[in-house]
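Coordinate analysis (summary)
What follows is each chain in one-letter form.
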Amino acid sequence: MTANSVVLQDLPADLQRECLPRHVAVIMDGNGRWAKRRGMPRIMGHRRGVDVLKNLLRLCRDWSIEALTVYAFSTENWGRPSEEVEFLMTLFERVLRKELQEMMQEDVRIRFVGNLSALPRSLQAEIERSMEETANNQGIQFTVATNYGGRQEIIQACRAIADKVQQGLIQPDQIDEALFEHHLYTVGIGDPDLLIRTSGEMRLSNFLLWQMAYGEIYVTDTLWPDFDRNEFHRALCAYQQRERRFGKL
Ligand code: FPP
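Residues numbered from 1 in each chain as written. Predicted model: local features only at pLDDT ≥ 70, side-chain atom pairs only at ≥ 80, totals over all residues. Heavy atoms only, no water.

Regarding the environment of Leu-8
- Turning to its location among the elements, Leu-8 is positioned in the segment before β1 (23-27).
- When the C-alpha atoms of Leu-8 and Leu-59 are compared, they prove to be 8.4 Å apart, with 51 residues separating the residues in sequence.
- When near neighbours in sequence (up to four residues on either side) are disregarded, Leu-8 contacts Arg-61 and Asp-62. (Helix = DSSP H or I, 4+ residues; strand = E, 2+ residues; numbered from the N terminus. Contact = heavy atoms within 4.5 Å.)

Right, here's the structure in full:
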């Protein structure tokens, strides 16, 4: 199937195309609870979570949302039982290998952000390959935060800037928001307009701390493996009812 022959899903009539978020970010929470409620091991929730993510990526593309950024693995997630961490690393690698061809067909540009050097070598290789191969695609920008922490991202940006100051490449008074953003992992992707968090928790959990300065937050009690088209539709309706003032009147 080629990108052109894929049947696009229509935008629901109550959504205004010109008022859709340009960039959606998601904290995909609740996989473990979803599995536990069904008497299944936690990893089954992650497995199902991948299918849900694929559907969301396709919906975003069909509804002309330009960028989707998801929190796949935080710097704190290393604290989980080693079997679960290993399962997740293997899952990321397998999914990347399996989905690369389809991402090419669907014109997806994938990018990973975070401290990638700490990931298993074989996963790093797969990440590099997927980023290189999709780099010239023109469709949706899909960003996967892996071994990502917002505070760590800010600290590494500070270090990089301090290094340049020390070398005399920039003067301290040249440091402004634009320069700072240029040193973040997410350079070029732009800030999210809407952050969706599933499974009810009302916090950022170290995700996109700088980038979410003015982003709208939508929290649903639905667990990630149950987040479907209707749920996304609801989130977008809520977004369209928000008045975004960016600190102005
Ligand atoms: C949070 O649920 C979910 C994760 C830490 C992993 C999310 C990863 C995926 C859905 C796979 C994505 C795959 C690719 C290739 C991008 P949780 O385990 O914290 O659930 P709980 O809060 O119920 O315990």
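Read on, since the account is not over.
With respect to the pattern of salt bridges
- Taken as a whole and judged by the stated rule, the model has 20 salt bridges.
- Between Asp-62 and Arg-61 there is a salt bridge whose closest N-O contact spans 2.8 Å.
- Classification of Arg-61 by relative accessible area gives buried; the value is 16%.
- Between Arg-97 and Glu-126 there is a salt bridge; the shortest N-O distance is 3.3 Å. Taken together, the residues span a long stretch of sequence, with Arg-97 in helix α3 (residues 82-105) and Glu-126 in helix α4 (residues 121-134) at a distance of 29 residues.
- A relative accessible area of 43% means that Arg-97 is categorised as partly exposed. (Salt bridge = Lys/Arg side-chain N within 4 Å of Asp/Glu carboxyl O. Buried < 20%, exposed > 50% of the residue type's maximum accessible area, 1.4 Å probe, protein only.)

Topic: the nonpolar core
- Ranked by size, the top nonpolar core spans 48 residues in total, and within it Val-26, Leu-68, Phe-142, Ile-196 and Phe-232 carry the most contacts.
- It is α3 that provides the largest number of residues to this core, a total of nine residues.
- Contacts of Phe-232, omitting those with residues within four sequence positions, involve Val-24, Leu-56, Leu-59, Cys-60, Trp-63, Ile-65, Ile-196 and Phe-227. (Core = buried A, V, L, I, M, F, W, Y, C linked by side-chain atoms within 4.5 Å.)

A few points about empty space enclosed by the protein
- Counting across every chain of the model gives one cavity of 30 Å³ or more.
- For the largest cavity, the calculated volume is near 30 Å³.
- Around the largest cavity, the lining residues are His-23, Thr-69, Thr-186, Ile-189, Gly-190, Pro-192, Leu-208 and Gln-211. (1 Å grid on protein atoms, 1.4 Å probe; cavity = no way out; pocket = protein on both sides within 12 Å on 5 of 7 lines; lining within 4 Å. Points joined across faces, edges and corners; volume = space filled by probe spheres on them.)

Considering the site of the ligand
- Close contacts around the ligand come from 17 residues, with Asp-29, Gly-32, Arg-33, Arg-42 and Arg-80 the closest.
- Contacts to the ligand include Gly-32, whose backbone N or O atom sits 3.0 Å from an oxygen atom.
- Take Arg-42: an N or O atom from its side chain is 2.9 Å from an oxygen atom of the ligand.
- When the ligand sits alone it has 640 Å² of accessible area, and the protein chains cover 92% of it.
- One can see that the ligand is located within the largest pocket.
- Among the elements of the structure, α1 (31-37), α2 (42-62) and α3 are those that each provide at least two residues to the shell around the ligand.
- For the shell around the ligand, the leading source of residues is α2, giving five residues.
- Classifying every residue of the shell around the ligand by side-chain character gives seven nonpolar, six polar and four charged. (Near = heavy atom within 4 Å. Polar contact = N/O pair within 3.5 Å; in protein donor to acceptor, adjacent residues only side chain to side chain. Areas by Shrake-Rupley, 256 points an atom, 1.4 Å probe, with all protein chains shown as cover. Sits in = over half its atoms within 2 Å of the grid points. Nonpolar A, V, L, I, M, F, W, Y, C, P; charged D, E, K, R; others polar.)

Just distances and angles here, no functional claims.
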